[in-house]
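# Inside the fold
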Amino acid sequence: MKKLFLLLFILCTIQGVAQELNTAQRTLRSDITLFLKEEGFMPELDSDGDIKFKKEGEIFYISINSQDTSPMYLVMQKQYRYSDNGLFIKKNILQASNELNLYKAVKVLCFDSYYSFRAEMYLVNVEHFKYTFYKLLSQLVNIENDLEKECRKVSNL
C-alpha cells in the first residue's frame, strides 16, 4: 500500500512539474492573449493556465503543451458534453469522427463524458498563430454543422 501511495505521489508530482511553461511558452501565451484582445476578444487564463475566450457565445480554449519547446505545440479547441439521446451520443460522434477527421488541421476527439473539436499546430512565435487564427477558428465553427450531417448519416435519421 505504501508503494502504491508513493508511486501515485511521484506521478502527480511529475505531472505538476510537466505542466509548467518555460519562458518562451509563457511569452507565446502572453502574445496570443494580447493578439486576442487587440482583435476584440476578451481572453482570460483559466485555472489550468489555458487561454479561454468567447466568440458569439461559444467558448474556445488555447493551450500550449509544456513538453514541446522548439517548435512549441498549440491546441485551439472547444468541447461539448454528449447528449443522453438523439444525434449527439458518443456512438454517433465516434462513427462520424472518421469522416470529420479528414478536415484540414481539425480533429474530433471523443472522451468519456465529452467530445472536442481541436485545431493543432506547431509554431515558433505568435506570428504563425496570427496568420492562421481566423482560418482555424472558422474550421472549428464549420465542423460543428458538419457533425450534425455526419451523425444523421451514421444514425440513419
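As a reminder, the structure under discussion sits directly above these lines.
Residues numbered from 1 in each chain as written. Predicted model: local features only at pLDDT ≥ 70, side-chain atom pairs only at ≥ 80, totals over all residues. Heavy atoms only, no water.

Looking now at the side chain of E120. Within the secondary structure, E120 sits in strand β6 (residues 114-123). Polar contacts involving the side chain of E120 include one to the side chain of K107, which spans 2.7 Å. Engagement of the side chain of E120 in a polar contact is seen with the side chain of R118, the distance being 2.9 Å. What E120 contacts, discounting residues up to four positions off in sequence, is Y73, L74, V75, A105 and K107. (Helix = DSSP H or I, 4+ residues; strand = E, 2+ residues; numbered from the N terminus. Polar contact = N/O pair within 3.5 Å; in protein donor to acceptor, adjacent residues only side chain to side chain. Contact = heavy atoms within 4.5 Å.)

Per the stated rule, a full pass over the model turns up nine salt bridges. Here E56 makes a salt bridge to K55, at a shortest N to O gap of 3.4 Å. The exposure class assigned to K55 is partly exposed, which follows from its relative accessible area of 24%. K153 is the salt-bridge partner of E150, the closest N and O atoms lying 3.2 Å from each other. Here E150 and its partner K153 are both found in helix α4 (residues 126-155), three residues apart, which amounts to about one turn of the helix. Members of the salt-bridge network, linked through shared partners, are E58, K78 and E144. (Salt bridge = Lys/Arg side-chain N within 4 Å of Asp/Glu carboxyl O. Buried < 20%, exposed > 50% of the residue type's maximum accessible area, 1.4 Å probe, protein only.)

Taken in spatial order, the six strands make up an open sheet running β1-β2-β3-β4-β6-β5, and their pairing is antiparallel. Lying at the two open borders of the sheet, with one neighbouring strand each, are β1 (44-45) and β5 (106-110). With 10 bridges joining them, strand β4 (residues 72-81) and β6 adopt antiparallel strand pairing. For M72, the partnering residue across the bridge sits in β6 and is L123. Lying on the sheet, helix α3 (residues 90-100) is in contact with β5 and β6; it crosses β5 at an angle near 160°. Helix-sheet contacts for α4 involve β2 (51-55), β3 (58-69), β4, β5 and β6, and the interaxial angle to β6 is about 155°. (Pairing = 2+ DSSP bridges. Axes fitted to C-alpha atoms, helices over the stretch in contact; angles between N-to-C directions.)

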